[in-house]
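Understanding the architecture of this molecule
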Amino acid sequence: KFDVAINGITPTYLPIFAGKLKAGRNFTPADMAPKAPKVAIISEDLARKLDPNTFPIGRKIRHGDDPSSKNEPMEIIGVAPAFAFNSMKDRPHLLWLPFETKNDEATVVLRTKASPITLLPSIREIIRQIDPNLPLADPFTMEELVARNLQRERMFATLCGSFGILALLLSVIGLYGVMSYNASRRRNEIGVRLALGAVPRNVIWMVLKEAIGLTALGLMLGAPAIYYGSHFLEKELFELKPLN
């Protein structure tokens, strides 16, 4: 027994979001008939959760808080790829059922190559022709939805990036100060070297070698931390690779 996000959809929903199914078939208009057999499509991660060693197609499942629920068992007819359902952060197990026309509200998903905003008047007109009393509430694009869900994360990333740039600036100033101090302490030595015939570029390289050594040491210590830290962050991201 575990939590599953359940959503009623039409046959055109999964091809838009998930593409090709991993196994089985998609819903058909016949599955949406009132007396049609109860069927369901589950996400790939839910299939592994149910039983990783058993092929899920044809298996009977039941949803409800009570194991003795009178809900009619549903036959699994398809397995879809796992994807973010209603949040970029939460990834619940997903179960889809044929959409019931008696629902009071529905979300319409539209994929287009043109700008979605330019199609909004046409969409409103089509909905008005279907039902003049049916309102079109809160239309938004997928980019706007992602921006809403990631607003806090983007603000935090911007803040962290600003602190990172500040830390880099302070480290550069600090490195410059240390090297300037070391060079000033060795002023007499440098003067003697030049007086004995040392080439100026060799003296400059002598000073730069210390700066390069400190920089290389910092990279050697920081690179492993970045690498292993990215693997930790990868667990918190959905279908994203921090190092790519």
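Keep in mind that what you see is a predicted model, and the values were worked out from it rather than measured.

Remarks on the overall build of the chain
If you tally the helices and strands in the chain, you get 7 helices and 6 strands. Starting at the N terminus, the α and β elements of the chain follow one another as β-α-β-β-α-β-β-β-α-α-α-α-α. Out of the 244 residues in the chain, the part that is buried amounts to 20%. Pairs at least 24 residues apart make up 62% of the contacts formed inside the chain by residues separated by at least 6 positions. Taken as a whole, the chain presents about 18,400 Å² of accessible surface, with 61% of it coming from carbon and sulfur.

Let's talk about the pairing of strand 6 (residues 93-98)
Residues in a regular strand project their side chains so that they alternate between the two faces of the sheet. In terms of burial, strand 6 is a largely internal element, 6 of the 6 residues being buried. Examined bridge by bridge, strand 1 (residues 4-9) and strand 6 share 6 bridges and lie parallel to one another. Following the sheet pairing, Asn-7 is matched in strand 6 by Trp-96.

Here's the deal with the packing of helix 4 (residues 142-149) against helix 5 (residues 151-185)
Where helix 4 meets helix 5, the axes come as close as 4 Å, and the angle between the chain directions of the two elements is 65 degrees. Contacts from Val-146, Ala-147, Arg-148 and Asn-149 of helix 4 reach helix 5 at Gln-151, Glu-153 and Arg-154. Grouping the constituent residues of the contact of helix 4 with helix 5 by class yields 2 nonpolar, 2 polar and 3 charged.

Quick notes on the rules
- Residues numbered from 1 in each chain as written.
- Predicted model: local features only at pLDDT ≥ 70, side-chain atom pairs only at ≥ 80, totals over all residues.
- Heavy atoms only, no water.
- Helix = DSSP H or I, 4+ residues; strand = E, 2+ residues; numbered from the N terminus.
- Buried < 20%, exposed > 50% of the residue type's maximum accessible area, 1.4 Å probe, protein only.
- Contact = heavy atoms within 4.5 Å.
- Areas by Shrake-Rupley, 256 points an atom, 1.4 Å probe, with all protein chains shown as cover.
- Pairing = 2+ DSSP bridges.
- Axes fitted to C-alpha atoms, helices over the stretch in contact; angles between N-to-C directions.
- Nonpolar A, V, L, I, M, F, W, Y, C, P; charged D, E, K, R; others polar.

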